[in-house]
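Descriptive analysis of the structure
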Amino acid sequence: MKPSRSGRNLAFGIATVGVSLMLAFGNGSATAATWTPTPPAKANTIVLGVGAKESQRVLSWYTATNADQTVELVPTNWLNHGKFPTNAKEFAAVVGSNAVNGGFNAHATLDGLQQNTAYSYRIGNGDGWSPTYSFKTQSFKGDFDFLFYGDPQIGSSGDVAKDGAGWADTLNVSLAANPKAELLVSGGDQVESANVEADWDAFLGSDKLRQYPWAATIGNHDVGGKAYEQHFWTPNTDRSTPFYNGSQNTNSGGDYWYTYKGVLFIDLNSNAYANNADEAHIAYVTDVIKKHGGEAKYTVLVYHHAIYSPADHANDGDNQLRRQDFPTAFSNLGVDLVLQGHDHSYSRSYVIKNGKKANPAEQPGATQVQQGPGGVVYVTANSASGSKYYDLTDPDTTKDPNYGADPLNPDNHWANSVENQEHVRTYVKVQVRDDKLEVQQVRSGTCAAPNAAVERGNVKWCGPDEGASPAGKVGSFVDQVVIHTKADNGHGNDGHNGGGSGNGGHGDDGHGHDDHDGPCWLSQTLGKLGSTLTALS
C-alpha cells in the first residue's frame, strides 16, 4: 500500500473535463462521444468505521484506480450551498491492490475531530469526487448508547435483494428510534460468501453505514477471503499468525481494540481457535486490559462465536472448548459484557463468574441484576436482516455434559437467563451509564416483509411461542435487563458490592480495574492456556 499525496493532481494523464472523441466511419460521417470523469471512490462501498478513540473515524472504500486520493472534511456549517471551501481539511488515503475481485481498496483515518460537531466529507481527487456524506460527533465523555447487530449474512436466504432489504430496514428502524446512537457494533457474518461482491454491495447499500461508525467483527462467513479486510480497516489491529485460521494471504483475520467514552472494546477473530489460538486471544485481551483497562470504566468483548449458544451451535466443538477456556479468564480480567453472534437467535446469560452462575438465586428473565466482582453477562444476537434464523435447541448432556438444563427453567441451557426465537428481525441496544449497563433486545421487524427467511418459506412459523402468538410491534422489547455495576464497576478500591438479585456482596475476591492509581496485577496459571494477569481491586 502507498500513501497518496494531495489528491488534487492529475493521475495517469486522465483529464479533469469531459473528452470528446471523433469516431470516423466509412461514409465519412462522425459521431461525438463525451465522457465525464468518474470519481475514483465507489460510493456504495464507502464505510465510516470506528477509530482508536472518540476523536477518530476511519473511512474505507473500493476504488477502480490506485491514483492518489484524499478525504476532504469540514464542519457541515462550512459548506456553501453544498460546496466545500478551499480550506477543507485533507486526509491522504492509503491505497492498495485488492487481493480478490480486482481493483483497489483505500482507507484514511480522520483524526482531530471535535466533540458535538456535525461534519461533512467527500472522497476523490482531481478526477472527481464522491457524493457528500455527513456524520456527527457527540460529547467525548459521559453516558452513551450503542447498537449491536447480529449476522446480517446477506445472501444466506437465497435472495440477496430480500436480505439486503431486511438489513437496510433494520438500520433505518433502529436509527430512527435511536438517532443519537454513537456506535454500530457488528456481531459478524456481514455476508454469506466471503468474496462475493454482490453480497457486499447489498450489505453496504445503506447510507447509514456512511453516517454512523461501524465496528466490524469477522464471522465465519466473512473469514474465507480477503474482501472483509479490503472493506474494513480497523484500528489497533494485531494481524499476527495466531489471529488467523488460515493463510494470511488468502483469509481475513486479526484482533483489534479501541476506546470510546470510558469503554474499552476488544474485538476478537473467533474463527481462529485451533493451534493454541485461544491462548493467544486470552494473552491479547490480557495485554490490552493491562495497558488500557485502567483508563476504562467498562470492558466489552466482541466476537462472533457465542460460547453460550442457545440454538444450532450450542454444542459445537469450539464452543465446548471455549466454555472451559474463556469464562474464568474473562472474570479474572474484569470483563463486564460479552457480545456475540453466530447462532441467529437471542440469548442473555445470567451473571457468570468463572464459568458458573454467580448467584444461584438469580431468576430467569430478571430485569435487574447485580454484577458483583468477576461477573460477566454474555449476549448472543439474533439475525438483524431476517436472512436466516436458527431454532432454539433443548439442553443435551449427551453432547456436552457440562451444558445441561437450567434448574429454574429446564427448557433453557443452565447459563442463560433468556433464550428467544420468533423469526423476526431484531437488534440489541446497550445503554452505558455511570453505574449500570442496560441491555435491550428490540424488534426491528414483524412477520411481514422484509423478512426473507419467512417470505421464502425457509422457516415454517413466525411469532412468539413458535408462532402461536402474534409478532410484537416494531420497537417492542423481546428482553431488557439493567446490570447494576456500582459507580466504580469494581474498577476502584472497593470492588463490586452486591445487592438486588446479584451475589449480595463479593468484596472478598473482587477483581477489576482501578480508576485511581491503576490496577495491581496477579499472574495466574490456566493450565494449557498459559497464564493471565488478573487485576486486583
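This report concerns the structure included in the present document. Every value quoted in this text rests on a predicted model; they were computed, and no experiment measured them. Once a new chain begins, its residue numbering starts again from 1 and follows that chain's sequence as written. Only residues with pLDDT of at least 70 get local features here, since the model is predicted, and only at 80 or more are side-chain atom pairs given and counted; chain-wide, interface and lining totals rely on the full set of residues. Heavy atoms from the whole structure form the basis of all side-chain values; hydrogens and water molecules are not counted.

Quick notes on the overall build of the chain
Summing up its helical and strand segments, the chain has six helices and 32 strands in all. Out of the 537 residues in the chain, the part that is buried amounts to 58%. Intrachain contacts of the chain at a sequence separation of at least 6 include 71% that bridge at least 24 residues. Surface accessibility in these figures is a Shrake-Rupley result with a 1.4 Å probe; residues are shielded only by whichever protein chains are displayed. Accessible surface computed for the chain: about 19,900 Å², of which carbon and sulfur atoms make up 50%. Each helix is a run of H or I in the DSSP string that is no shorter than four residues. Each strand is a run of E no shorter than two, and both are numbered from the N terminus. Relative accessibility thresholds used throughout: buried, under 20% of the residue-type maximum; exposed, over 50%; partly exposed, between the two (1.4 Å probe, protein chains only). What makes two residues a contact is simply this: any of their non-hydrogen atoms within 4.5 Å.

Some words on the state of the cysteines
Cysteine sulfur atoms are paired as a disulfide whenever they come within 2.5 Å of each other. Under the criterion given, the structure shown has one disulfide. Each sulfur of the disulfide joining Cys447 and Cys462 lies 2.1 Å from the other. Looking down the S-S bond of the Cys447 and Cys462 bridge, the torsion is -100°, so its handedness is left-handed. One end of the pair, Cys447, is in the loop between strand S29 (436–443) and helix H6 (452–455); the other, Cys462, is in the loop between H6 and strand S30 (477–484), and 15 residues separate them in sequence. Classification of Cys447 by relative accessible area gives partly exposed; the value is 28%. Looking at Cys462, the relative accessible area reads 14%, which means it is buried.

Side note on helix H1 (residues 160–177)
Here H1 spans 26 Å end to end across 18 residues, near enough to the 26 Å set by a 1.5 Å rise per residue. Along H1, the residues that are buried comprise Asp163, Gly164, Gly166, Trp167, Thr170, Leu171, Ser174 and Leu175. End-on view of H1: buried residues confined to an arc of 160°, all on one side of the axis. Turned more than 90 degrees off the buried face of H1, the exposed positions are Ala161, Ala176 and Ala177. At its buried positions, H1 is contacted by strand S13 (144–149), strand S14 (183–186), helix H2 (197–203), strand S15 (214–215), strand S28 (426–433) and H6. Helix span is expected to be 1.5 Å times the residue number reduced by one. Throughout, the arc means that of the directions going from the helix axis to the C-beta atoms.

Regarding the nonpolar core
Only buried residues count toward a nonpolar core. Its members are Ala, Val, Leu, Ile, Met, Phe, Trp, Tyr and Cys residues joined through side-chain atoms within 4.5 Å. If you look at the biggest cluster of nonpolar residues, it comprises 33 residues, and the most contacted ones within it are Phe146, Leu183, Phe265 and Leu337. When neighbours within four sequence positions are excluded, Phe146 is seen to be in contact with Leu183, Val185, Phe265, Leu339, Val428, Lys429, Val430 and Val432. Among the nonpolar cores identified, the runner-up in size contains 30 residues, and Phe243, Ala296, Tyr308 and Ala415 belong to it.

Thoughts on the packing of helix H4 (residues 277–292) against helix H5 (residues 317–332)
Two quantities define a packed helix pair, namely the angle between the axes and the distance from one axis to the other. Angles here are taken between N-to-C directions and fall from 0 to 180 degrees, while the axes themselves are lines fitted to C-alpha atoms, restricted in helices to the stretch in contact. Two elements in contact, H4 and H5, have axes whose closest approach is 11 Å; the angle formed by their N-to-C orientations is 15°. On the basis of their axis angle, the class for H4 and H5 is roughly parallel. Read as a crossing pair, H4 and H5 show a hand that is right-handed. For the pair H4 and H5, the contacting residues are Asp278, His281 and Ile282 in the first and Leu321, Arg322, Asp325, Phe326 and Ala329 in the second. Under the scheme applied, nonpolar residues are Ala, Val, Leu, Ile, Met, Phe, Trp, Tyr, Cys and Pro; charged residues are Asp, Glu, Lys and Arg; polar residues are all the others, including Gly. Classifying every residue of the contact of H4 with H5 by side-chain character gives four nonpolar, one polar and three charged. Oblique is the label for any angle not covered by the other classes, which are roughly parallel (under 35 degrees), roughly antiparallel (over 145) and roughly perpendicular (65 to 115). For a crossing to be left-handed, the near helix must be turned anticlockwise from the far one by less than a right angle; the clockwise case is right-handed.

Structural notes on the side chain of Asn315
As for its position among the elements, Asn315 is in the loop between strand S18 (298–305) and H5. Residue contacts for Asn315: discarding those within four places in its chain leaves Gln320, Arg323, Asp396, Lys399, Asp400 and Tyr403.

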